[in-house]
Amino acid sequence: MEMIKLKKTLISFVGITDPVRGNYDGPLLHLLRHLEIEKVYLLGTMDLLEKKEVFIERAIDFIETIKNCKIKRKYIKLDIKNPAIFSDFNLTKIIDKIYEENPNVSFVYNMTSATTQMVAALALDFVTNNRKGDTYQVFHYAPSEGKTVVPEEEDYDFENLYDNLEEAPNRLVRTNIESFKISKLKTELETTLKVRDYTKLMRIFEEYDIENNELKLLMEYAYNANR
């Protein structure tokens, strides 16, 4: 039977290096260039998105042209007074809604754009809520020593991007965020075993898609024996 290829949806903060910096793709643009994304949710502060939206639109239009594709866009403006304070993000509610709106897609996360706190909040939401999807970082280019690189202006000509060159490297790196999930899973299993809640153990097994038949049989045996 032929596998059904799920549509890819990107969840990304918008940072000051998006969409272009120093004649290179910013992280957001690089993801759209190298992955087959059909829809992107763009999160950012109200001030930043108001300044960047036209520039971002032009950048995505450019990617559509060179890849001969269509990318849907949805902007989510966050009422964040201080982007360094985690509690202001309320990401879980936002991402829950995104998942509800897109029941049959494969999610991709941009783990590079925006402030360190925003990326950390995104990673925390991914692990805490056991999100399904792929997480990527984008290696930055190395500017000349001593050279100050500033983001490009809105009227930038995308034909000038060095990433358009055939020899330009793919700077995407898939992150091993699963290691954080494993730590969370161990804690849940240990806590649940202490109180012998075998029903919850089975739910954890299903939630994390653990592919270990021997472990599953052992847990089912413990559950039935306890009953």
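Residues numbered from 1 in each chain as written. Predicted model: local features only at pLDDT ≥ 70, side-chain atom pairs only at ≥ 80, totals over all residues. Heavy atoms only, no water.

1. Some words on helix α4 (residues 116-128)
And step 1. Compared with the 18 Å implied by 1.5 Å per residue over 13 residues, the 18 Å span of α4 between its first and last C-alpha is a close match.
And step 2. One or two positions beyond α4, positive phi appears at Asn130, with a value near 50°. (Helix = DSSP H or I, 4+ residues; strand = E, 2+ residues; numbered from the N terminus. Expected span 1.5 Å × (residues − 1).)

2. With respect to unusual backbone geometry
And step 1. The residue after Asp18, namely Pro19, is reached through a cis peptide bond having omega -5°.
And step 2. Note on placement: Pro19 falls in the loop between β1 (7-13) and β2 (20-21).
And step 3. With phi around 65°, Asn23 is a residue other than glycine that occupies positive phi space.
And step 4. You can see Asn23 is positioned in the loop between β2 and β3 (24-25).
And step 5. Positive phi, normally seen in glycine, also occurs at Asn68, with a value near 55°.
And step 6. Inspection of the secondary structure assignment puts Asn68 in the loop between α2 (46-67) and β5 (72-78).

3. Digging into the pattern of salt bridges
And step 1. Under the counting rule described, the total for this entry stands at 10 salt bridges.
And step 2. The closest approach of N and O atoms between Asp125 and Arg131, which form a salt bridge, is 2.9 Å.
And step 3. For Arg131, a relative accessible area of 6% translates into the label buried.
And step 4. Across the salt bridge formed by Arg174 and Asp134, the nearest N and O atoms sit 2.4 Å from each other. Taken together, the positions of Arg174 in strand β8 (residues 172-174) and Asp134 in strand β7 (residues 134-138) put the pair 40 residues apart, joining distant regions of the chain.
And step 5. On the basis of relative accessible area, Asp134 is assigned to the buried category, the value being 16%. (Salt bridge = Lys/Arg side-chain N within 4 Å of Asp/Glu carboxyl O. Buried < 20%, exposed > 50% of the residue type's maximum accessible area, 1.4 Å probe, protein only.)

4. Digging into the pairing of β1
Regular strands have side chains that alternate between both faces of the sheet.
And step 1. Among the seven residues that make up β1, five are buried, leaving the element largely enclosed by the rest of the structure.
And step 2. Relative to strand β6 (residues 105-110), β1 is paired through five bridges, and the arrangement is parallel. The partner of Ile11 across the bridge, within β6, is Tyr109.
And step 3. Two strands pair when backbone bridges link them, and β1 and strand β4 (residues 39-45) are joined in this way by five bridges, in the parallel orientation. Residue Ser12 lies in a different strand from β4, and its bridge partner there is Leu42. (Pairing = 2+ DSSP bridges.)

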